[in-house]
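One letter stands for each residue in the lines below.
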2 protein chains.
Amino acid sequence: MEVEAFLNSSKLLQHWPSCLVGLLLVLVIKYIVRKRKDSSKQDGTVRDEDVATEFEEVADDDLQPALEEKPHVQFVPGQTLNPKGAQRFYELVCGRRSIRSFSALPKPSLSVIEECIRAAGTAPSGAHTEPWTFCVVEESGVKQSVRWIVEHEEQINYNKRMHPQWVTDLRPLQTSHVKPYLTDAPYLILIFKQTYGTTKEGRRKTHYYNEISTSISAGILLCALQAAGLSSLVTTPLNCGPALRELLQRPENEKLLILLAVGYPSDDCKVPDLERKRLDEIMVKY
Amino acid sequence: MEVEAFLNSSKLLQHWPSCLVGLLLVLVIKYIVRKRKDSSKQDGTVRDEDVATEFEEVADDDLQPALEEKPHVQFVPGQTLNPKGAQRFYELVCGRRSIRSFSALPKPSLSVIEECIRAAGTAPSGAHTEPWTFCVVEESGVKQSVRWIVEHEEQINYNKRMHPQWVTDLRPLQTSHVKPYLTDAPYLILIFKQTYGTTKEGRRKTHYYNEISTSISAGILLCALQAAGLSSLVTTPLNCGPALRELLQRPENEKLLILLAVGYPSDDCKVPDLERKRLDEIMVKY
C-alpha cells in the first residue's frame, strides 16, 4: 500500500505511459532522420567521398565561378610525336625504388627540389583548384621534431592500432616504428591536400577531388625526383597528420596526405627483393 | 462503453505499456550499439578511411605476410646524379594540358600505350600491393557504351546531384554532360583501384591506401603519356563507377577511380586560358 501511495503521489510516475510514448516518439523521429540522411548520402546529391559538399548559401543569381571566365585559347602541344618517348620514360622510372637508408652527403641543391615541386604543380586538379601544399623541411631541428612525432605515433600504430595481419604484411619490408631516414634524409617533403580554399573575394572555394588530385601531383613529383637522380620514400604515417600540421603551422583546411623523404641512397642501401606485376596482370584490353 | 469493451477484448491493447517498454528497450540498445561502433571508428584501431579494416580472423601464430620474406638486396640506383634532369623534366610536363578535343587520326600504336602503363605500374604502393587495373578501351562499340553511361549519369549530375556552385565553378572550363571526346579519343583508359586482393593461397589480402597508390600511379601514367607526345584528359565521372565496372566485367574488388581519354589533340583544339600557381604559392620552406 505504501508503494501505491508513493506511485499516486508522483505525477511523473502516474503518467509514465505518456512519458514513455513521448520518449519513444523522439527516438523514432531521430531514427527516421538518420536513415534519411544515410540514404541521401548514398543516392542523393553527391556520393563520392572526395567531393566536399559544404557550399555557402548563395542565391543562384549571385553564383560566381572560382575561376575567371575567359575565352579559350588555341592549344599548342608542348611535346611532339615521340615514338621512343614512352620507352625512354619507362626506363627512367623503372629504376625507382623506395629506399629507407639515405646519405646525408652529398646534399642535393634546394633549387633541384624546387624544380621538382614546380613539376608536381603542373598536375591536373578538379576544376583547376590546385589543392596542394608542399612543405620542404631542410632544417635539422624540424626534421627531428617530425621524426619524434612520427615515431611516437607509429609505436602506438604497430602495437595497438594496426591489425596483426597488417604488421605481418609489413614484415617483408622490414619496417618498424623506428625511422632514422626522417633525420638522415637531407629533405623531407610533407604533402598536404587542401580540403577547401578561399576565392580572391574571400568566399569559401570547394576543392573537388582534392585527395586524388594531390596524389596525382605526388606521382609527378616522384618522376621529377627520379629524373633528377634523387631517391625517395613515400610514407603515409597513420594518425600523425594533426601533430605534423601543428608543427608546421599549416592552416585548418590542409590535411597531411604524404610524407616523402628525399635524398641520395647510402652506399650500403638495401631494398626488399621485390618483383613488380607483369603488364598482363595490370592491364586489360577491350 | 463500446470502445472500452474493445480495449478489454484485445490483449495487445491491454498490455500496451509493456509492449512500449519492450520496443523502447530494443531501440535504446540499438542506439547504444551504433554509438559504440561510431566511436570505435573514430578513436579505435584505424582512423584513416583509405585503409580497409576488414581482416580475416586468423590466430596470431598462423599469420602470414602477403609478400614472400626474402633477404633484402643491394640497391642499384637506376639513375645517376643529373643536375639538369629536374629542369628538363619540368620542361616536359609543363606543356601538359587537359584537352577535350581529340583527333581520331593518327592513332597512336597500342604498344606506346602499353609502355606508358608499364611505367604507371612502377608506382609505389602500400605494402607493395600494386592495387591497380588499367582497362584500355580501343573498340569503338565499347567506347560508345562508356559514353552512353557517362553522359546519362552526367546529365543527372549537372541537373540534380551537383550543387549549383559546382556547376558554376565548371563554367570557365566549358564542360557539360555531352562528352564527344569519349568516342573521338582513340583510347580510353579506365583506372580501377582494387580495394582488396587475394593471396596465392586464396586468402583475402588487404590493399592499404589503395586510392592514394592508384592516384600516384595515374600521375606517373600522365608523365609517360606526355613523354610519348600524347595528350589526355583526366576525369572522375560521378556515380558512373558501378555501371562502367559492369560494362567492363571487372570483379567486385575493383572500383573506378579515373577515366582517362588519350590521343592527339585535334587541329582546332582549344583549352581554357588558365594560369598555374607560382612556386611560392604551393611550396613552404622549413
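Source: prediction; values computed, not measured.

(A) How the structure looks around the overall build of chain A. When helices and strands are counted, chain A shows 11 helices and 10 strands. When burial is assessed residue by residue, chain A has 51% of its 286 residues classed as buried. For chain A, the exposed surface amounts to about 14,300 Å²; the carbon and sulfur share of it is 52%.

(B) Representation of the UniProt feature "transmembrane region" (unreviewed entry) in chain A within the structure. The feature "transmembrane region" (unreviewed entry), as given by UniProt, occupies residues 15-33 of chain A in the numbering adopted here. Helix makes up 95% of residues 15-33 of chain A and strand 0%. Its end C-alpha atoms lie 28 Å apart.

(C) Fine view of the environment of B:Thr129. Its place among the elements puts B:Thr129 in the loop between helix 5 (110-120) and strand 3 (132-137). Along the backbone, B:Thr129 and B:Leu67 are 62 residues apart, and their C-alpha atoms lie at a distance of 8.6 Å. With residues up to four places along the chain from it excluded, the contact list for B:Thr129 reads A:Lys277, B:Lys205, B:Thr206, B:His207 and B:Tyr208. Looking at B:Thr129, its side chain comes within polar contact range of the main-chain oxygen of B:Gly126, at 2.7 Å.

(D) Representation of the pattern of salt bridges. Evaluation of the coordinates by the stated rule reveals 22 salt bridges over all chains. When the shortest N-O distance is used, the salt bridge between A:Glu114 and B:Lys285 registers 3.5 Å. Of this pair, A:Glu114 sits in helix 5 (residues 110-120) while B:Lys285 sits in strand 10 (residues 283-285), placing the two residues on different chains. Taking the relative accessible area as the measure of exposure, A:Glu114 reaches 18% and is therefore buried. The partner of B:Glu254 in a salt bridge is B:Arg250, and the shortest N-O contact between them spans 2.7 Å. Each of A:Arg278, A:Asp280 and A:Glu281 takes part in salt bridges that share partners, so that together they form one network.

(E) Structural detail: the nonpolar core. Membership of the largest hydrophobic core comes to 94 residues, with the highest contact counts inside it found for A:Phe89 and B:Phe89. Those residues within four positions of A:Phe89 in sequence are excluded, and the remaining contacts are A:Cys223, B:Phe89, B:Ala119, B:Ile220, B:Cys223, B:Ala224 and B:Ala227.

(F) Highlighting the relation of the copies chain B and chain A. Mapping chain B onto chain A calls for a screw motion: a turn of 180° about the axis and a shift of 0.2 Å along it, with 0.6 Å RMSD after fitting. Taken together, the rotation and translation relating the two chain copies correspond to the operation of a two-fold axis. In this assembly the copies share their binding face: 99% of the residues contributing to the interface of chain B also contribute to that of chain A.

(G) Layout of the packing of aromatic side chains. Under the counting rule described, the total for this entry stands at four aromatic pairs over all chains. Arranged with centres 4.8 Å apart and planes meeting at 15°, the rings of A:Tyr208 and B:Trp166 form a pair that is stacked. In this pair, A:Tyr208 sits in the loop between strand 6 (204-206) and helix 9 (210-227) while B:Trp166 sits in helix 7 (residues 164-170), so the two residues belong to two different chains. Among the residues examined, B:Trp166 registers a relative accessible area of 5% and is labelled buried.

(H) Structural view of the packing of helix 4 (residues 85-94) of chain A against helix 9 of chain A. Residue and element names in this part refer to chain A. Between helix 4 and helix 9, the shortest axis-to-axis distance is 9 Å and the interhelical angle comes to 85°. Comparing the axis directions of helix 4 and helix 9 gives the class roughly perpendicular. Residue-level contacts link Phe89, Leu92 and Val93 of helix 4 to Cys223, Gln226 and Ala227 of helix 9. Its residues assigned to classes, the contact of helix 4 with helix 9 comprises five nonpolar, one polar and no charged.

(I) Here's a closer look at the pairing of strand 8 (residues 254-265) of chain B. Residues and elements named next belong to chain B. Buried residues dominate strand 8, accounting for 11 of its 12 residues. For strand 2 (residues 102-103) and strand 8, the ladder comprises two bridges, and the chain directions are antiparallel. Each bridged residue has a counterpart across the sheet, and for Phe102 the counterpart in strand 8 is Pro265. Note: strand 4 (residues 187-194) against strand 8, eight bridges, orientation antiparallel. What sits directly across from Tyr187, in strand 8, is Val262. When strand 7 (residues 231-235) meets strand 8, the two strands line up antiparallel, connected through five bridges. The residue bridging Leu233 from the neighbouring strand is Ala261, located in strand 8.

(J) Molecular detail of the environment of B:Thr175. Residue and element names in this part refer to chain B. Topologically, Thr175 is positioned in the loop between helix 7 and helix 8 (181-184). Remark: the alpha-carbon pair of Thr175 and Arg100, spanning 75 residues in sequence, is separated by 8.9 Å. Residues contacting Thr175, with those up to four places away along its chain left out, are Arg100, Tyr158 and Leu170. For Thr175, the side chain forms a polar contact with the side chain of Tyr158, separated by 2.7 Å.

(K) The arrangement of a nonpolar patch on the surface in detail. A cluster of nonpolar residues, A:Trp16, B:Val21, B:Leu25, B:Ile29 and B:Val33, forms a patch on the protein surface that exposes about 440 Å² of accessible area. Within the secondary structure layout, B:Val21 lies in helix 3 (residues 16-43).

(L) Just the interface of chain B and chain A, in detail. The partner chain A presents 141 residues to the 141 residues of chain B that form the contact. Interface area, chain B with chain A, both sides summed: about 12,700 Å², of which 64% is carbon and sulfur. It is B:His72, B:Phe75 and B:Tyr286 that lose the most area in chain B upon contact with chain A, and together they represent 7% of the buried surface on that side. Connecting chain B to chain A are two salt bridges. For the interface between chain B and chain A, the tally reads 30 residue pairs in polar contact (both at pLDDT 80 or more). Class assignment for the residues of the side of chain B that touches chain A results in 76 nonpolar, 30 polar and 35 charged. Bridge analysis of strand 10 (residues 283-285) of chain A against strand 3 of chain B gives three bridges, and the strand direction is parallel.

Cut-offs and rules
- Residues numbered from 1 in each chain as written.
- Chains lettered and ligands numbered in written order.
- Predicted model: local features only at pLDDT ≥ 70, side-chain atom pairs only at ≥ 80, totals over all residues.
- Heavy atoms only, no water.
- Helix = DSSP H or I, 4+ residues; strand = E, 2+ residues; numbered from the N terminus.
- Buried < 20%, exposed > 50% of the residue type's maximum accessible area, 1.4 Å probe, protein only.
- Areas by Shrake-Rupley, 256 points an atom, 1.4 Å probe, with all protein chains shown as cover.
- UniProt positions renumbered as here; feature names shortened; annotations may be inferred.
- Contact = heavy atoms within 4.5 Å.
- Polar contact = N/O pair within 3.5 Å; in protein donor to acceptor, adjacent residues only side chain to side chain.
- Salt bridge = Lys/Arg side-chain N within 4 Å of Asp/Glu carboxyl O.
- Core = buried A, V, L, I, M, F, W, Y, C linked by side-chain atoms within 4.5 Å.
- Least-squares fit on C-alpha atoms with pLDDT ≥ 70 in both.
- Phe/Tyr/Trp six-rings, centres within 6.5 Å; stacked < 30°, edge-to-face > 60°.
- Axes fitted to C-alpha atoms, helices over the stretch in contact; angles between N-to-C directions.
- Parallel < 35°, antiparallel > 145°, perpendicular 65-115°, else oblique.
- Nonpolar A, V, L, I, M, F, W, Y, C, P; charged D, E, K, R; others polar.
- Pairing = 2+ DSSP bridges.
- Patch = residues over 30% accessible without salt bridge, like charges linked within 9 Å, V, L, I, M, F, W, Y side chains within 5 Å.
- Buried area = accessible area lost by both parts, 1.4 Å probe.

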